[in-house]
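In case you want the letters, here they are:
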Amino acid sequence: MFSPTDMPSPSSIFSAYASMTASIMLVRSMANEIIPQPIRAYLFNTFRYLIKPRSPTLTLIIEESTGIARNQVYDAAETYLSTRVSPDNERLKISKTPKEKKLTIRLEKGEKLADCFNGVCFKWRFICSESEKNNPNDHNNISIRSEKRYFELSFPTKQKEMVLDSYLPFILDKAKDMKDEERVLKMHTLNTSYCYSGVKWDSINLEHPSTFDTLAMEPELKNAVIEDLNRFVKRKDYYKRVGRAWKRGYLLYGPPGTGKSSLIAAMANYLKFDIYDLQLGNIVRDSDLRKLLLATANRSILVIEDIDCTVDLPERRHGDHGRKQADLQLTLSGLLNFIDGLWSSCGDERIIIFTTNHKERLDPALLRPGRMDMHIHMSYCSYQGFKLLASNYLEISSDHHLFGEIEGLIEDIQITPAQVAEELMKNEDAEATLEGFVKLLKRKKMEGDVCENFSPDKAEPTHQQSKRRKVGCKQKRGVGNSKNNSGTTQRRTRRIRRGCSL
Ligand SMILES: Nc1ncnc2c1ncn2[C@@H]1O[C@H](COP(=O)(O)OP(=O)(O)OP(=O)(O)O)[C@@H](O)[C@H]1O
Ligand SMILES: [Mg+2]
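Predicted, not measured: the structure shown is a model, and the values here were computed from it.

### Some details on the pattern of salt bridges
- Counted by the stated rule, this structure contains 18 salt bridges.
- With its nearest N and O atoms 2.8 Å apart, the salt bridge here joins D228 to R248. Here the residue D228 occupies a position in helix α5 (residues 219-234), and R248 occupies one in strand β9 (residues 247-253), the gap between them amounting to 20 residues.
- A residue is classified by how much of its surface remains accessible, and D228, at 6% relative accessible area, is buried.
- By relative accessible area, which is 16% here, R248 ends up buried.
- Here R248 ties to D373 by a salt bridge, and the two come within 3.5 Å at their closest N and O atoms. Taken together, the residues R248 in strand β9 and D373 in the loop between α12 (364-367) and β13 (374-377) connect sequence positions 125 residues apart.
- Each of the salt bridges in this network shares a partner with another, and the network as a whole consists of E64, R70, D75 and R149.

### A word on the packing of helix α3 (residues 72-81) against helix α4 (residues 160-182)
- α4 packs onto α3 with a crossing angle of 70 degrees between their chain directions and a minimal axis gap of 8 Å. In terms of axis orientation, α3 runs roughly perpendicular to α4. Between α3 and α4 lies a crossing of left-handed hand. Of α4, the residues touching α3 (which contributes Q72, V73, A76, A77, T79 and Y80) are Y167, L168, F170, I171, L172, K174, A175, M178 and K179.

### Side note on the nonpolar core
- Counting residues in each nonpolar core, the largest one holds 30 residues, and the members touching the most others are Y250, L263, M267, I301, I351 and I376.
- When residues of this core are traced back to their parent elements, those giving at least two are α5, β9, α7 (260-271), β11 (300-304), β12 (350-356) and β13.
- With 6 residues, the top contributor of residues to this core is α7.
- If near-sequence neighbours (up to four positions away) are discounted, L263 is found in contact with F212, L215, M217, L252, I376 and M378.
- Counting 25 residues, the second-largest nonpolar core is a separate cluster that includes L190, L251, I307 and L362.

### Structural notes on α7
- An ideal rise of 1.5 Å per residue puts 16 Å on 12 residues; α7 measures up with 17 Å between its terminal C-alpha atoms.
- Within α7, 10 of the 12 residues are buried, leaving the element largely enclosed by the surrounding structure.
- Within the span of α7, buried status applies to K260, S261, L263, I264, A265, A266, M267, A268, N269 and L271.
- Immediately beyond the C-terminal end of α7, within one or two residues, lies K272, with a positive phi of roughly 60 degrees.

### Topic: unusual backbone geometry
- One non-glycine residue, K272, lies in positive phi territory at about 60 degrees.
- By the secondary structure assignment, K272 is in the loop between α7 and β10 (274-277).
- The backbone phi angle of R299 is positive, close to 50 degrees, even though this residue is not glycine.

The rules behind the values
Residues numbered from 1 in each chain as written. Chains lettered and ligands numbered in written order. Predicted model: local features only at pLDDT ≥ 70, side-chain atom pairs only at ≥ 80, totals over all residues. Heavy atoms only, no water. Salt bridge = Lys/Arg side-chain N within 4 Å of Asp/Glu carboxyl O. Helix = DSSP H or I, 4+ residues; strand = E, 2+ residues; numbered from the N terminus. Buried < 20%, exposed > 50% of the residue type's maximum accessible area, 1.4 Å probe, protein only. Axes fitted to C-alpha atoms, helices over the stretch in contact; angles between N-to-C directions. Parallel < 35°, antiparallel > 145°, perpendicular 65-115°, else oblique. Left-handed = near helix turned anticlockwise from the far one by under 90°. Contact = heavy atoms within 4.5 Å. Core = buried A, V, L, I, M, F, W, Y, C linked by side-chain atoms within 4.5 Å. Expected span 1.5 Å × (residues − 1).

In short, the description is geometric, and any link to function would need to be established separately.
Below is the structure:
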């Protein structure tokens, strides 16, 4: 028990306080003298941080621009959030440019929305703040109005790692997929009207409807091509690890009208890669070729059609333009050197495709192992191919009563998918069309006019070709399919352009 006499007197409390204050002042002035200012500031901030109560919510600011370049996280968030609008949103922006396929939805200033990922709820808010600054270059003191746009992303602080490691990368990937989906592919062709500065690429929208679903090809070969493309686009790290350029080369060969150009368009549509159609016949100088190859973008397909006709450049040039042979430098080896060296060492995710109707005429340099990664034989229409075309063109399934007869006939003759497609388009009535088609097949078989102006590749006969050889098919010249060197490239370009909007 304390008696009133045990209580400290006010005067003793005051003197204790005074001596404590004096001690603190002494310590502080000693600390100020002994500890340098930056260290003092650091200790002070740390102490303040430790005693400050922690906020349970963290807010990230995602600005439109990083000062120099656009902020990819902002662009991705804008694209991603357009798929997350809810009935609670009161104001949204809608737009569509001529190049866009669909309407675009964006949040209006101040709009909020909620999103859930991995069981965590996120709050998004779009903010647009305007400010006015004096223009130092303007003597009339007219101020410049600037707008700053950003997203605020709020979430529980303890989820910070998850947001940085999973949520934001997920948004970046998702937005990339959406952009790819929306992207309008381009077809770049050479513009030769630049007389003095050489040739340049001109681009048009590539709206070729060919896809792997519409392409009549042997199913195993089609799957092999799709798998090869899938493997290629996934293997960035692999190519880096083994020290190879991230490139892939395909040689497509086969008779005219078997779908080589259609396969190129299907590949471009599948990968969402632009096409560069390199018509070698229009290139005069080595330097032009170098410039053109360097001007191609990543994620693109460089196409050289009818390589057997276009690589014999010196002779053709001499005839066409009256140039001296000595001036002409474009040769197959020159081209291959460019492709192996210069083109390979810059850029990523590139595909190069050569096409030919005559593989056997190609320079062995082009065929040597490692140059073209995959040789794809586009052959005459098989029964499988016919069924796919019939389902595409006539929307009929394989249980039609004429299919049995067609199967028996088509395997014995050489008819290109292009011819089949043309036949199937003649009449809207499926029954009448198929009857007409059977008649055509019978006529072709009877007349023996079953082979086209094409010597099938001897090195790699397909199952179907071996079968055809066994039935003693004579190689005849196909009407309308003969080619000459000069007109070939333009014709190819027209073919692949078919279906492109200008
Ligand atoms: N395999 C196929 N599957 C579906 N349609 C095809 C196929 N092959 C050809 N066609 C049709 O025929 C048209 C011409 O075919 P394409 O231009 O792809 O043939 P190509 O092999 O490139 O011929 P060329 O050697 O003359 O360049 C195509 O637009 C398409 O309609
Ligand atoms: Mg073609």
